[in-house]
Amino acid sequence: MSGEEEYVELSKIFKRKKSDQDIFQELMSFKVTEVMLVATYYDSYSIVREGRFFDKIFGEYLQLNLFSAPRITSVATYDEALSHMEDRKFDMVILMAGLDKQMPVSLSQEIRRLYPDLPILLMVNNNEDLKYFDKPSSPGGSIDKVFVWNGDSRVFLAMIKYVEDKINAANDVAVGDVRIILLVEDSQRYYTRYLPLLYSIIMTQTQNILTEETSDQTHKILKMRVRPKVLLVSTYEEAVEIVDKYTDNLICVISDVKYSRDGEHDENAGVDLIRYVKSKINLPTLLQSSDPANEKAAQEVGADFIDKNSDTLSMDIYNFIHQKLGFGNFVFTNSRGIALATARNLKEFIRCLRDVPPESLLYHARRNGISTWLMARGEISIAKRLRPYRIEDFESTTKLRQKVLDVFEEARLERMRGRVVQFDPSMVDTDRFVMRIGDGSFGGKGRGLAFLSNFIENVDFQSIVPELNIKIPPTTIIGAGEFTAFLEKNDLLKSIYEEKDFEQIKNQFLSAHLSDEVDRKLHQYVEYMDSPLAVRSSGLFEDSLLQPFAGVFSTYVLPNNHPNPEVRYNQLASAVKLVYASIFTPTARAYFDAVHYKIDEEKMAVIIQKLVGQKAHDRFYPHVSGVAQSFNYYPFSYMKPEDGFAVIGVGLGKYVVGGEKAWRFCPRYPNLELSALGDQIKDSQDYFYAVDLEENEKSLHDGGEETFIQKLDIKEAEEDGNLKHLAMVYDIDNDRLSTDFSLRGPRVLNFANILKYDLVPLPRTLDILLKYFREAMGAPVEIEFALDLEPGHKGKPTLCLLQIKPLIRLETHLDVDFDEVEEERVILKSEKGMGNGRHTHIRDLVYMDISKFDRTKTREMAAEMAELNKKMEQEGREYVLIGPGRWGTRDPSTGIPVYWSQISQARVIVEMGLPDFPLDASLGSHFFHNVTSMNVGYFSIHGKNKNEFVNIDFLEKQSVEEHTGYFKHVVMEQPLTILMDGKTQKAVVMWNQE
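Residues numbered from 1 in each chain as written. Predicted model: local features only at pLDDT ≥ 70, side-chain atom pairs only at ≥ 80, totals over all residues. Heavy atoms only, no water.

## Here's the deal with the overall build of the chain
Note the cut-off: Here a strand is any run of E in DSSP of at least two residues, a helix any run of H or I of at least four, and the numbering for each starts at the N terminus. A 1.4 Å probe rolled over the protein chains alone gives each residue an accessible area, and that area as a share of the maximum for its type sets the label: buried under 20%, exposed over 50%, partly exposed in between. Only heavy atoms matter for contacts: two residues are in contact if any of them lie within 4.5 Å across the pair. The method behind every accessible area is Shrake-Rupley, applied with a 1.4 Å probe, and residues are considered shielded solely by the protein chains displayed.
From N to C terminus, the chain includes 35 helices and 47 strands. Within the span of the chain, comprising 994 residues, buried residues form 57% of the whole. A sequence separation of at least 24 residues applies to 72% of the contacts in the chain between residues at least 6 apart. A total of about 42200 Å² of accessible surface is found on the chain, and carbon and sulfur atoms cover 47% of it.

Set out below in structure tokens:
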């Protein structure tokens with residue numbers, strides 16, 4: 001990939017898939033909270049009836065579970081109304097017309113002049129007064145709508161909802177695809193009856209749905225906002241405008257027959273409107289008229305008809321809404337109308353759908369009954385998916401039934417993608433979301449995985465990297481609340497923190513019991529999942545932005561292939577318990593002490609993840625595992641630190657994160673060689689890790705994290721056929737690398753087919769991901785990944801993201817002045833130094849006695865350093881540490897395998913190369929992550945560059961305070977001067993005179 005390739009900003013490609021919660025929050029942005037009621041004292045008294053009116057209004061809201069009833073301020077005079085409006089903001093005004101009809105007209109005109117956008121509604125006491133207000137309430141007048149007071153307090157609720165719906169409709173349709181009921185009626189008397197009835201039905205329907213689906217009160221409040229909107233208009237032109245604007249969102253049109261068209265009263269306006277609607281979309285329509293003769297016209301245009309003079313008008317409308325709009329239960333019937341099954345909610349509907357006879361399914365499908373019912377319940381996406389299909393599209397009823405069920409399942413999964421969902425055993429093998437068991441935090445790693453899942457679903461990687469599938473493995477997380485419950489249930493809370501013998505702790509944890517919920521769900525998990533698993537720790541501090549706990553706790557790999565599910569369950573439960581116990585290992589305790597955290601503050605979530613890879617000869621492993629960082633502390637040539645780097649190897653990722661010999665490259669410049677051919681051969685990966693699928697009954701208690709892990713020679717991977725794209729052969733005769741595996745000679749794992757010849761666009765993909773994740777997290781990042789070269793979805797290889805964590809670096813930069821450096825006083829100098837700042841308080845220096853160095857004794861050296869560090873910690877002293885090879889490596893042949901807690905008092909760590917022990921920088925290991933996170937000086941001195949050196953001769957002349965078997969500890973008379981420039985990577989340590 002060229003350095004100049006265009007980078008598309010994250011904000012332009014991150015298309016956030018809004019959750020229901022996100023959408024609900026954006027709906028009903030306008031709410032009526034303050035209402036001014038203007039009425040004479042007499043009218044006010046007659047309406048309020050000694051205060052009971054407000055109770056009734058509030059009661060209507062509570063009955064419908066509307067959680068915020070508006071405040072109604074009652075005033076009696078023109079001046080009082082205007083005075084209140086100066087002092088307080090009102091959302092709408094309701095004027096009551098009494099004996100003085102002119103006052104409300106005058107007041108409405110003045111309010112309109114002062115507050116042109118404020119909704120103003122008028123209420124009259126009797127029908128005779130309506131004519132007087134025709135002009136003020138006509139289009140362009142000072143009154144928006146006129147209602148008739150009929151003694152029913154629901155009228156006020158309808159008036160308020162009418163205003164809210166009118167203002168919110170455009171936004172709510174655009175944001176939440178909300179449905180629209182269009183009511184066309186110019187008679188104030190009739191729409192005063194219709195609106196309260198419609199809103200009562202709609203609110204009750206929504207409440208019934210919520211009662212069935214959720215007990216989350218916040219969710220209920222929010223989902224009330226997705227109810228259908230009722231838009232009331234009085235003319236043909238207004239109706240057509242609504243139909244054109246909201247065609248796809250209309251669920252019903254209720255229309256009078258006679259009303260204004262082109263400014264004239266039109267006898268057929270309603271019939272023509274229904275005809276126009278039917279020409280655009282097929283949906284339930286209702287014509288209502290005082291003239292029964294209009295029923296024939298309604299039939300001609302395919303509309304239902306209601307006689308306005310009917311004594312059962314309210315019930316007729318109620319029945320139309322329930323039967324035609326799908327409100328209420330779904331009753332499966334046959335063609336003769338005999339009920340066969342009833343579904344009250346979606347779960348029951350799906351169950352009935354599987355069992356009803358073909359005749360019933362066809363009956364409802366022909367009438368769009370299924371999609372109509374779904375629309376009424378707010379299941380808009382499912383209804384939209386079903387509507388385009390016709391009966392003729394299917395060869396048989398069986399295929400029709402299966403298609404409907406498939407649409408339900410697709411919509412359900414679509415809703416969950418990128419989200420954290422409750423555990424469902426049937427979906428443990430799904431990789432589009434994260435499942436949770438129990439309550440509490442996900443911990444650092446768990447949060448990272450949930451973020452990755454959400455990120456992947458919000459970015460169209462298919463268009464950015466079409467050659468690769470990018471996903472996370474199927475993941476289930478046990479919340480950290482279970483850890484606390486586990487300790488409490490088994491009476492371990494006190495004893496476990498006091499117990500120092502880790503073997504005792506392990507035994508106690510393994511013999512303890514998980515909660516009933518977790519126990520049951522893990523049993524269900526192994527019934528559905530029989531692929532190898534990784535059971536990972538996810539502590540609260542682990543991989544978080546503020547604490548660098550990396551690689552401190554345990555990960556267990558399980559073959560999960562025993563034919564007996566109970567054996568698989570026992571192994572999984574044991575792994576979970578041992579991950580819990582890993583908080584109390586000596587290494588973890590030492591780490592807590594080193595970073596000054598209390599161990600009882602840590603809580604542990606557990607990640608159960610399907611392992612990435614393929615089976616080969618009774619073993620299982622991924623083709624490629626790796627880590628990649630967005631910041632490269634050791635760039636060279638034309639690389640920049642921001643270009644990042646990656647380290648990859650064959651087999652389980654344990655090999656790479658442990659800091660063992662692996663292939664390093666820059667994702668932006670993958671063709672740039674980091675080492676000479678001879679070094680490539682010498683430093684090539686020569687073994688790998690895999691899951692043992694044959695020995696599947698071992699005990700985790702005895703084997704620990706390595707129980708089911710095999711360490712295999714790299715030739716085994718070649719025999720599995722997995723090196724053909726990952727390695728080359730050194731052709732001794734021609735002194736070059738060849739792709740001919742028939743040649744004898746060392747296999748060099750340089751991943752050339754991937755990195756140089758673009759078999760899989762891994763470098764380009766990592767480069768893109770690192771930049772996007774860096775931008776998304778607001779900090780440099782490290783990701784762990786595994787690449788499966790076998791054809792996956794759409795026949796493409798799959799890159800699985802396993803983990804993401806921030807690289808904690810102090811971003812504040814201190815300018816360092818190297819002018820004070822006096823060459824004759826320099827003890828060591830590096831041009832590959834990390835860290836930034838100036839230290840002038842350190843007098844202690846610990847370095848390897850080079851004459852005693854033996855690469856076969858590095859474990860003994862690590863033990864000595866642990867003792868030296870403990871002594872320094874007790875005395876409160878910090879020191880400079882110098883030694884050959886790689887500090888913190890898990891491969892003892894490449895350096896000294898200390899844990900960070902064993903050198904935690906070192907403020908500067910120096911890795912130096914020896915003539916027969918070349919240096920390979922420690923990037924990519926958990927150790928390295930923790931060290932750099934704390935801004936410890938970290939210097940690399942290869943020894944081949946005259947500008948980099950350690951003055952061993954000077955050190956040998958100093959008085960030695962302590963000489964262990966391998967290390968010398970010297971104390972300078974004066975504090976050292978330590979200069980580190982994080983930008984230039986220059987670093988110097990000088991001794992000082994008095």
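Text resumes after the structure shown.
## Let's talk about the side chain of Lys506
For clarity, the threshold we go by: Polar contact criterion, stated in full: a pair of N or O atoms within 3.5 Å, where within protein one must be able to donate a hydrogen and the other to accept it, and residues adjacent in sequence count only if both atoms are side-chain atoms.
Along the polypeptide, Lys506 turns up in helix α23 (residues 502-511). A polar side-chain atom of Lys506 sits 3.3 Å from the main-chain carbonyl oxygen of His701. What Lys506 contacts, discounting residues up to four positions off in sequence, is Leu578 and His701.

## Regarding the pairing of strand β38 (residues 879-884)
Threshold: Should DSSP find at least two bridges between two strands, the strands are taken to pair. The definition of a right-handed crossover adopted here requires that, viewed with the strands pointing away, the path from the first strand over the helix to the second runs clockwise.
For β38, a buried count of 6 out of 6 residues is recorded, marking the element as mostly surrounded by other parts of the structure. The alternating pattern of β38 places Tyr879, Leu881 and Gly883 on one face and Val880, Ile882 and Pro884 on the opposite face, and all of these are buried. Two elements, strand β37 (residues 844-848) and β38, share 4 bridges in a ladder whose sense is parallel. Note on β38: the bridge partner recorded for Tyr847 is Ile882. Considered for its hand, the β-α-β crossover made up of β37, helix α33 (residues 858-875) and β38 is right-handed.

## Observations concerning the pattern of salt bridges
When the charged atoms of two side chains lie near each other, side chains of opposite charge can form a pair. The criterion, for reference: Salt bridge, as applied in this entry: a Lys or Arg side-chain nitrogen positioned within 4 Å of an Asp or Glu carboxyl oxygen.
Following the criterion strictly, the structure yields 42 salt bridges and no others. Residues Glu718 and Arg747 are paired through a salt bridge, measuring 3.0 Å at the closest nitrogen-oxygen approach. In this pair, Glu718 sits in helix α30 (residues 714-719) while Arg747 sits in strand β31 (residues 747-748), placing the two residues 29 residues apart along the sequence.

## What to know about helix α5 (residues 78-87)
What counts, and what does not: For this quantity, the arc is that covered by the directions from the helix axis to the C-beta atoms.
Looking at α5, one finds that the buried residues are Ala81, Leu82 and Met85. End-on, the buried residues of α5 take up no more than an arc of 90°, which puts them together on one face. In α5, the exposed positions that point more than 90 degrees away from the buried face belong to Asp79, Glu86 and Asp87. Structurally, α5 contributes buried residues whose contacts are with β1 (34-38), β2 (71-75), β3 (92-97) and α6 (102-114).

## A word on helix α19 (residues 443-458)
Since the α-helix advances by 3.6 residues per turn, residues separated by three or four positions end up pointing in the same direction. Counted only if it meets this: Residue count minus one, scaled by 1.5 Å, sets the expected span of a helix.
In this model, α19 (16 residues) spans 23 Å end to end at C-alpha, consistent with the 22 Å of a helix rising 1.5 Å per residue. Extensive coverage of α19 is indicated by the burial of 13 of its 16 residues.

## A short note on the sheet that holds strand β18 (residues 475-478)
Going by this rule: With axes taken as lines fitted to C-alpha atoms, and helix axes fitted only over the stretch in contact, angles between N-to-C directions fall between 0 and 180 degrees.
Judged by pairing direction, the sheet is mixed, and its 6 strands sit side by side in the order β15-β16-β18-β21-β19-β20 without closing on themselves. Each having just a single partner strand, β15 (420-422) and β20 (555-558) make up the two edges of the open sheet. Going across the sheet, the axis of each strand differs from the next one's by a mean of 25°, ignoring polarity. Pairing analysis gives 7 bridges linking strand β19 (residues 533-539) to strand β21 (residues 604-610), with the strands arranged antiparallel. Residue pairing for β21: Ser537 is matched across the bridge by Val606. Relative to β19, helix α25 (residues 565-581) is tilted by about 25°, and along the sheet it contacts β18, β19, β20 and β21.

## Some thoughts on a negative patch on the surface
Test applied: Here a patch means residues that are over 30% exposed by relative accessible area and free of salt bridges, tied together within 9 Å if like-charged and within 5 Å if nonpolar (Val, Leu, Ile, Met, Phe, Trp, Tyr). His is not counted, nor are the chain ends; Lys and Arg add positive charge and Asp and Glu add negative charge. The location of each charge is read from NZ of Lys, CZ of Arg, CG of Asp or CD of Glu.
Taken together, the side chains of Glu237, Glu238, Glu241, Asp262 and Glu264 present a region of like negative charge at the surface. Judged by its relative accessible area of 34%, Glu237 falls in the partly exposed class.

## Concerning the side chain of Arg589
Mapped onto the elements of the fold, Arg589 is located in helix α26 (residues 586-594). Reaching out from Arg589, the side chain makes a polar contact with the backbone oxygen of Glu499 at a distance of 2.8 Å. What Arg589 contacts, discounting residues up to four positions off in sequence, is Ile496, Tyr497, Glu499, Lys500, Ile505, Ile583, Phe584 and Ile599.

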